[in-house]
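Chains, contacts and geometry: an overview
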Number of protein chains: 2
Amino acid sequence: MLGVGLALAALAASPCHGRDAAGSTPPSMQALRAHAPSTPDSMLASAPASAWRPLDAGDTLYVNLPQGRVVIELAPQFAPRYVDNIKKLVRQGFFNGLPIFRVQDNAAVEWGDPTGRRSVGLARRAVPAEFERPARDLPFTALPDPDTYAPQVGFAGGFPAARDPVFGRAWLTNCYGMVGAARGNNVDSGGGTALYVVIGGPQRQWDRNTTLVGRVVQGMPLLATLPRGNGPLGIHLDRRHWVRIESVQVAADLPPAKRLPLQVLRTDTPTFTEYVEALRNRRGPWFKVPAGRISVCAIPIPVRPAG
Amino acid sequence: MLGVGLALAALAASPCHGRDAAGSTPPSMQALRAHAPSTPDSMLASAPASAWRPLDAGDTLYVNLPQGRVVIELAPQFAPRYVDNIKKLVRQGFFNGLPIFRVQDNAAVEWGDPTGRRSVGLARRAVPAEFERPARDLPFTALPDPDTYAPQVGFAGGFPAARDPVFGRAWLTNCYGMVGAARGNNVDSGGGTALYVVIGGPQRQWDRNTTLVGRVVQGMPLLATLPRGNGPLGIHLDRRHWVRIESVQVAADLPPAKRLPLQVLRTDTPTFTEYVEALRNRRGPWFKVPAGRISVCAIPIPVRPAG
């Protein structure tokens, strides 16, 4: 997700209409030069250090796949019991060797124990649902634009979220990269032994129907490019297509030198507000009609290496 | 996109908590049985034949990749000049052998002539923008829910669209699978020689900034799973990662027996309205909080083989 500010800032690179010298310059670079620097991107480049925060290693998971590492930031402020249980599962090696058995196009990937036979040890197999929480005392950066699904949307602690001022409730939203706990029909039947990640358009119909536990902050392409499953809901009926998770680790359990030093843009600063404004009103030579609006799921939270 | 009604109907398959007999039954099937049949899906299964329409072969493109075929329905009701130009390009073999040179995670793939050197023959290299059209006389099935970006959203002729009643304008929306024409900074610099497809969350900030020319009705996974580009905007700087388009064809130019007989759900029938209602208010044993709302980009238009 590095550089995602730039990536979203302009529609790519239309074809280069001029001739270049025997292809010596990558044509894509020529096309890029035709676009001015993106306002959100240049704004981030000059943001103060205080606009960024380090990931908390105690609430960061590394999901190590044969293809590479997926980094997840957990959201204990929304799902304390699930986060606690998932970390217990991780520390017992519960996920090591388990498969990604579902890849549904424009929806979600899911991994976990497909047999239900693996011991959860000191963790719990089921945890009461944490679909929403009180809005009171939750710092919330509200967006100014209407949302299809909720009375109000915005960001809380770096996560896309929604809020109902009348009922005083807040909940996380199923945007791209959000991580949730699968469950059966009983709302309290999940526990984090199976987790899903949204890999396509927002799945807002799942809001308040699942416990969202965090967000992928690095490695989304590793999940989003997996071959889709051929069964219902994208389940890989042929186990040969399952992707085996090598291991899942809590970052804090690794020596500091082995951790990925990532920083995330804070969502409660003037910089963030400026960033959102730049995304709402795209400038530069390419955009002709700035939307003047933005959806909560269309605001990527920038991540960068520390230092 | 076949079976997409089912695919969206329920969050998958949480882990099966019971033990099964030596894995003889795929566990995913066990988990699926725990969910009632999805209302949108069962509704579609009993829809009358009149709720479906065949693709018009004259406005259908086959994009043949090494991985398989992507089928695009063109939208001449929104972009008549672009559609006409693109079909001229296709019929001259313009796209044959050209690369997909850009794959931007959670955004778009793009293909076309990266050198600008290929002759457009009888077609035009640039076509005046068709970002929007008059709303008058455009049949439009409006959705009842608020949209972040437009005064009104809905469907027109099978395509997701927006409408401004005050100014009397309508335009297509950059939802998953929508196909648009890349352009330079000049709004009239596109012509269809480079096309993009939305492969992630909606890119609504591009609405009214590009000419949308159609929609992928089959084959999205072939595009959405392509390895992401490592350059700015997801451009593959290393040409070895480009995917070569074998050929692009207008379906009508193939003998009828060689065409894919696909049907698309009409968006102007009582069946469609019922389908949208079923998506707005998910029922069944799994959903506990039906959203009661839906976004225009969260309504997949079902496609099925004819007969």
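Predicted model only: the values in this text are computed from it and were never measured.

Cut-offs and rules
Residues numbered from 1 in each chain as written. Chains lettered and ligands numbered in written order. Predicted model: local features only at pLDDT ≥ 70, side-chain atom pairs only at ≥ 80, totals over all residues. Heavy atoms only, no water. Helix = DSSP H or I, 4+ residues; strand = E, 2+ residues; numbered from the N terminus. Buried < 20%, exposed > 50% of the residue type's maximum accessible area, 1.4 Å probe, protein only. Contact = heavy atoms within 4.5 Å. Areas by Shrake-Rupley, 256 points an atom, 1.4 Å probe, with all protein chains shown as cover. Salt bridge = Lys/Arg side-chain N within 4 Å of Asp/Glu carboxyl O. Disulfide = S-S within 2.5 Å. Polar contact = N/O pair within 3.5 Å; in protein donor to acceptor, adjacent residues only side chain to side chain. Pairing = 2+ DSSP bridges. Axes fitted to C-alpha atoms, helices over the stretch in contact; angles between N-to-C directions. pLDDT = per-residue confidence, 0-100.

Take the overall build of chain A next. The helix and strand inventory of chain A stands at six helices and 17 strands. By residue count, 60% of the 307 residues in chain A fall in the buried class. The contacts of chain A with a sequence gap of at least 6 include a subset with a gap of at least 24, amounting to 71%. Put simply, chain A shows about 11,200 Å² of open surface, and 54% of that area lies on carbon and sulfur atoms.

The next point concerns the pattern of salt bridges. Residues and elements named next belong to chain A. If you walk through the whole model with that rule in mind, you get 30 salt bridges over all chains. Among the ionic pairs, Arg91 bridges to Asp253, the shortest N-O distance being 2.8 Å. Here Arg91 is found in helix α4 (residues 80-91), whereas its partner Asp253 is found in the loop between β15 (247-250) and β16 (262-265), with 162 residues between them in sequence. In this structure Asp253 comes out as partly exposed when scored by relative accessible area, which is 45%. Between Glu110 and Arg102 there is a salt bridge whose closest N-O contact spans 3.0 Å. Judged by its relative accessible area of 0%, Arg102 is buried. One continuous salt-bridge network, built from bridges that share partners, spans Asp145, Glu277 and Arg280.

For the rest of this paragraph, the subject is the state of the cysteines. Residue and element names in this part refer to chain A. Under the counting rule described, the total for this entry stands at two disulfides over all chains. Residue Cys175 pairs covalently with Cys297 via a disulfide, S to S 2.0 Å. Its S-S torsion of approximately -75° makes the covalent link between Cys175 and Cys297 left-handed. With a gap of 122 residues between them, Cys175 in the loop between β10 (169-172) and β11 (178-181) and Cys297 in the loop between α6 (270-280) and β17 (303-305) connect regions that are remote in the sequence. On the accessibility criterion, Cys175 (4% relative accessible area) is buried.

With 145 residues separating them in the primary sequence, Asp253 of chain A and Ala108 of chain A have C-alpha atoms 28 Å apart. Separated by 2.8 Å, the side chains of Asp253 of chain A and Arg91 of chain A make a polar contact.

What follows deals with helix α6 (residues 270-280) of chain B. At 3.6 residues per turn, the α-helix brings residues three or four places apart onto the same side. Buried within α6 of chain B we find Thr271, Phe272, Tyr275, Val276, Ala278, Leu279 and Arg280 of chain B. On the buried face of α6 of chain B, the contacting elements are α3 (39-45), β7 (141-142), β8 (152-156) and β16 (262-265) of chain B.

Time to look at the sheet that holds strand β13 (residues 211-218) of chain A. All names here are of chain A. Strand order in the open sheet formed by nine strands is β14-β4-β5-β12-β11-β13-β3-β2-β15, with antiparallel pairing between adjacent strands. Of all strands in the sheet, those bounded by a partner on one side alone are β14 (243-244) and β15. Looking at chain direction, β11 and β13 are connected through four bridges and run antiparallel. Pairing of Met178 across the sheet is with Arg215, part of β13. Its contacts with the sheet put α4 on β2 (60-65), β3 (68-74), β11, β12 (194-198), β13 and β15, and the angle it makes with β15 is roughly 120°.

Our focus in this paragraph is the pairing of β10 of chain A. Residue and element names in this part refer to chain A. When strand β6 (residues 133-134) meets β10, the two strands line up antiparallel, connected through two bridges. Looking across to β10, one finds that Pro134 is bridged to Arg169. When strand β9 (residues 159-164) meets β10, the two strands line up antiparallel, connected through four bridges. Note that in β10 the partner of Arg163 across the bridge is Ala170. In sequence, β9 turns back onto β10 through a hairpin of four residues, with Gly168 there showing a positive phi of about 65°.

Let us look at the sheet that holds β7 of chain B. Residues and elements named next belong to chain B. Ordered in space as β6-β10-β9-β8-β7, the five strands form an open sheet in which the pairing is antiparallel. The two strands at the open ends of the sheet, each matched to only one other strand, are β6 (133-134) and β7. In the sheet, β7 pairs with β8 via two bridges, with the strands oriented antiparallel. Paired with Ala142 across the strands is Gly154, a residue of β8.

Let's shift gears to the pairing of β3 of chain A. Residue and element names in this part refer to chain A. For β3, the tally of buried residues reaches five of seven residues, placing the bulk of the element in the interior. Pairing of β2 with β3 involves six bridges; the strand directions are antiparallel. Note that in β3 the partner of Leu65 across the bridge is Gly68. Counting the residues that bridge the hairpin from β2 to β3 gives two residues. Note: β3 against β13, four bridges, orientation antiparallel. Looking at β13, one finds that Val71 is bridged to Gln218.

This part takes up unusual backbone geometry. Residues and elements named next belong to chain A. Phi is positive for Asp137, close to 70°, though the residue is something other than glycine. Looking at the element boundaries, Asp137 is found in the loop between β6 and β7 (141-142). In this structure Asp137 comes out as exposed when scored by relative accessible area, which is 69%. Phi is positive for Arg208, which is not a glycine, with a value near 65°. Here Arg208 is to be found in the loop between β12 and β13. A relative accessible area of 25% places Arg208 in the partly exposed class.

The next thing to look at is the confidence of the model for chain A. Overall, the predicted model of chain A reaches an average pLDDT of 88, with 88% of residues at or above 70. Across the interfaces of the predicted complex, the ipTM metric reaches 0.89, alongside a pTM of 0.89.

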